[in-house]
Amino acid sequence: MNPIDAEDELICLRAGDVAGPVMPPIVQASLFRFETLEELHGAQARENEVCVYSRGTNPTVRELEETLARLEGAEAAKCFASGMGAISATLFALLAEGDHVLFCGDIYGPTIEFAQRLEDYGVTHSRCFAAGIEEIEAALTPATKLIYFESPGSMRFELLPIAEICAIAKARGILTAIDNTVATPLLQKPLTMGCDLVLHSLTKYVGGHSDTLGGAVAGSAELVECVFRRGYMLTGAVMAPFDAWLLLRGLATLPARLARQHADALAVARFLADHPKVRRVFHPALAEGEQAALFARQMRGHSGLLSAEFDLPDHAAALAFGNRLRLFGKAISWGGVESLVSSAHRTDPGPDHDGRMPRTLLRFSVGLEGAEALISDLEQALA
Ligand SMILES: Cc1ncc(COP(=O)(O)O)c(C=O)c1O
């Protein structure tokens, strides 16, 4: 079944009968002229909305921001040069000396590395890997200013109870931010569940063709303005107009790509789940118990990502299996039209590591080659 909402499909297409070019012009200008200096000064006070200088606002980037805000049900959105641009500017803007951040679940590695850099400036952080609300509540401190999480995570796709986390945060005046990259704005709408800010790497599914980088933050006009003033303008990780144009083009086919990738990844996940050489498949639609209940409550479907722990003797055997695949490229990142495989570990973690990321875990990003071809490729590599 197609998990995409029909209204979202129209937003992605920017459908309508407004006269003019179907795609917006690429406004390749770094600055904008005004009639008078007074007008320029007035515009500078509203630099997040008015095009003054493209390190602030650019018309092509603005069109993408407005479309993403509509998809997320947000008052405002700001686009960045990359997902890390959005994440680092947001953390930098919201946090000050003495603040604590609680990171819940599996978090993208460089996000934690950025938090480690913030420690040098008096911002502390801690991590909670449990998905239970009691454990998350117990990990809060009087200094916690922000709860930051990913759901689904991007390796094992574990889900966290979004509405419950946001409710305990709100009751204590703590902000919440979620990295919604895996779900995309089409499969999960965290703002409707009480989140304050949603972050994206647009590099993955929104771009969809492995040819551009981008990031975004969406939320209330007030919070996005805060990120704009205290993060975006100062760190300067701004999106270029051509990248915004490519991402608008990517958005137009996102619903069609995701519907196909969702169906094909599920077929691949089911095939692997039944294979004797597979110990465990990680895919939210195959989860049981509380995870299955969260999937039904929070998500409309899952994207083209899955991972599996293989019944192979060691890390080297998992890599050898990955190398035997012919249709899955060996590359990092995910979300494009080409299928990819990657390992959870660059080097062998050994048999005694903590086990959250199994030694023989491989992640698959299912592209558009078709489930049948991908399954027969997996079959030959596992034989
Ligand atoms: C879940 C997640 N968030 C954020 C990022 C960072 O995005 P970018 O590479 O666009 O900076 C990535 C990149 O892999 C990611 O997987």
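Residues numbered from 1 in each chain as written. Predicted model: local features only at pLDDT ≥ 70, side-chain atom pairs only at ≥ 80, totals over all residues. Heavy atoms only, no water.

This is how the line gets drawn: UniProt positions are given in the numbering used here, feature names are shortened, and annotations may be inferred rather than shown by experiment.
The protein chain has the name Aminotransferase class I/II-fold pyridoxal phosphate-dependent enzyme in an unreviewed UniProt entry, where Pelagerythrobacter rhizovicinus is given as its organism. Quoted verbatim from the Sequence similarities (unreviewed entry) field of the UniProt record, the comment on the protein chain reads "Belongs to the trans-sulfuration enzymes family." The protein chain has a UniProt comment under Cofactor (unreviewed entry) that states "pyridoxal 5'-phosphate".

1. Details of the overall build of the protein chain
What counts is decided by this rule: Strands here are runs of E lasting at least two residues and helices are runs of H or I lasting at least four, both read from the DSSP assignment and numbered beginning at the N terminus. Throughout, the radius of gyration refers to the C-alpha atoms, and the reference size of a globule is 2.2 Å times the residue count to the power 0.38. Working definition: with a 1.4 Å probe on protein chains only, accessible area under 20% of the residue-type maximum means buried, over 50% means exposed, and in between means partly exposed. When checking whether two residues touch, look at their non-hydrogen atoms; a contact exists if any pair is within 4.5 Å. Residue exposure ignores everything except the shown protein chains as possible cover, and the areas themselves are Shrake-Rupley values with a 1.4 Å probe.
When you go through the protein chain residue by residue, the secondary structure sums to 13 helices and 12 strands. Taken against the 2.2 N^0.38 rule, which gives 21 Å for 383 residues, the C-alpha radius of gyration of the protein chain at 21 Å falls within 12% of a compact globule. Principal axes of the C-alpha set define a box for the protein chain whose edges measure 75 × 50 × 35 Å. The buried share of the protein chain, taken over its 383 residues, is 55%. Counting only contacts in the protein chain whose residues sit at least 6 apart along the sequence, the fraction spanning at least 24 positions is 73%. Put simply, the protein chain shows about 16400 Å² of open surface, and 55% of that area lies on carbon and sulfur atoms.

2. Topic: the pattern of salt bridges
Worth spelling out the cut-off: Basic side-chain nitrogens of Lys or Arg form a salt bridge, by our definition, when they fall within 4 Å of a carboxyl oxygen of Asp or Glu.
Per the counting criterion, the structure on display carries 18 salt bridges. Salt-bridge contacts for E65 lead to R62; the nearest nitrogen and oxygen are separated by 3.6 Å. Of this pair, E65 and R62 both sit in helix α3 (residues 59-72), separated by three residues, roughly a single helical turn. Overall, E65 belongs to the buried group, its relative accessible area being 2%. With its nearest N and O atoms 3.7 Å apart, the salt bridge here joins D196 to K170. One end of the pair, D196, is in the loop between α8 (184-187) and β6 (197-201); the other, K170, is in helix α7 (residues 162-171), and 26 residues separate them in sequence. Overlapping salt bridges bring together R62, E65, E66 and K78 as one network.

3. A look at the packing of aromatic side chains
Stated formally: Only the six-membered ring of Trp is used, alongside the rings of Phe and Tyr, when aromatic pairs are assigned; centres must lie within 6.5 Å, and planes under 30 degrees apart are stacked while those over 60 apart are edge-to-face, with the rest tilted.
Summed over the entire model, instances satisfying the criterion amount to eight aromatic pairs. Here F80 and Y232 contribute two aromatic rings whose centre-to-centre distance is 4.8 Å and whose plane-to-plane angle is 80°, an arrangement assigned as edge-to-face. Of this pair, F80 sits in strand β1 (residues 76-80) while Y232 sits in helix α9 (residues 221-235); the two residues are 152 residues apart in sequence, bridging distant segments of the chain. Looking at F80, the relative accessible area reads 0%, which means it is buried.

4. Here we look at the UniProt feature "modified residue: N6-(pyridoxal phosphate)lysine" (unreviewed entry) in the protein chain
Cross-referencing UniProt, the feature "modified residue: N6-(pyridoxal phosphate)lysine" (unreviewed entry) maps to K204 in the present numbering. Here K204 shows up in the loop between β6 and β7 (215-219).

5. Observations regarding the site of the ligand
Note the cut-off: If even one non-hydrogen atom of a residue comes within 4 Å of a molecule or strand, that residue is called near it. Pairs of N or O atoms are called polar contacts if they sit within 3.5 Å, as long as, within protein, a hydrogen donor faces a hydrogen acceptor (for residues adjacent in sequence, only side-chain-to-side-chain pairs).
Neighbouring the ligand are 14 residues; G83, M84, D179, T203 and K204 lie closest to it. In this structure, an oxygen atom belonging to the ligand sits 2.8 Å away from a main-chain N or O atom of G83. Side-chain polar atom of S201 to an oxygen atom of the ligand: 2.8 Å apart, as the coordinates give it. Broken down by element, the shell around the ligand gets its largest block of residues, three residues, from helix α4 (residues 83-94).

6. Regarding the sheet that holds strand β11 (residues 340-343)
So the rule is basically this: The rule for pairing is simple: two strands pair if DSSP sees at least two bridges between them. Each axis is a line fitted through C-alpha atoms, and for a helix only the stretch in contact is used; angles between axes span 0 to 180 degrees, taken between their N-to-C directions.
A sheet is described by the order of its strands in space; here five strands give the open sequence β8-β9-β12-β11-β10, paired in mixed fashion. The open sheet has two edge strands, β8 (278-282) and β10 (329-330), and neither has a second partner. Packing against the sheet, helix α12 (residues 315-324) makes contact with β9 (305-310), β10, β11 and β12 (361-365), and its axis sits at approximately 25° to β12.

7. Topic: α12
The test is simple: It is the directions from the helix axis to the C-beta atoms that the arc portrays.
Every buried residue of α12 is accounted for by H315, A317, A318, F321 and G322. Taken end-on, α12 shows its buried residues confined to a sector of 165°, consistent with a single buried face. Next to the buried residues of α12 lie β9, β10, β11, β12 and α13 (371-382). Structurally, the start of α12 carries an N-cap: the backbone nitrogen of A316 is 3.4 Å from a side-chain oxygen of D314.

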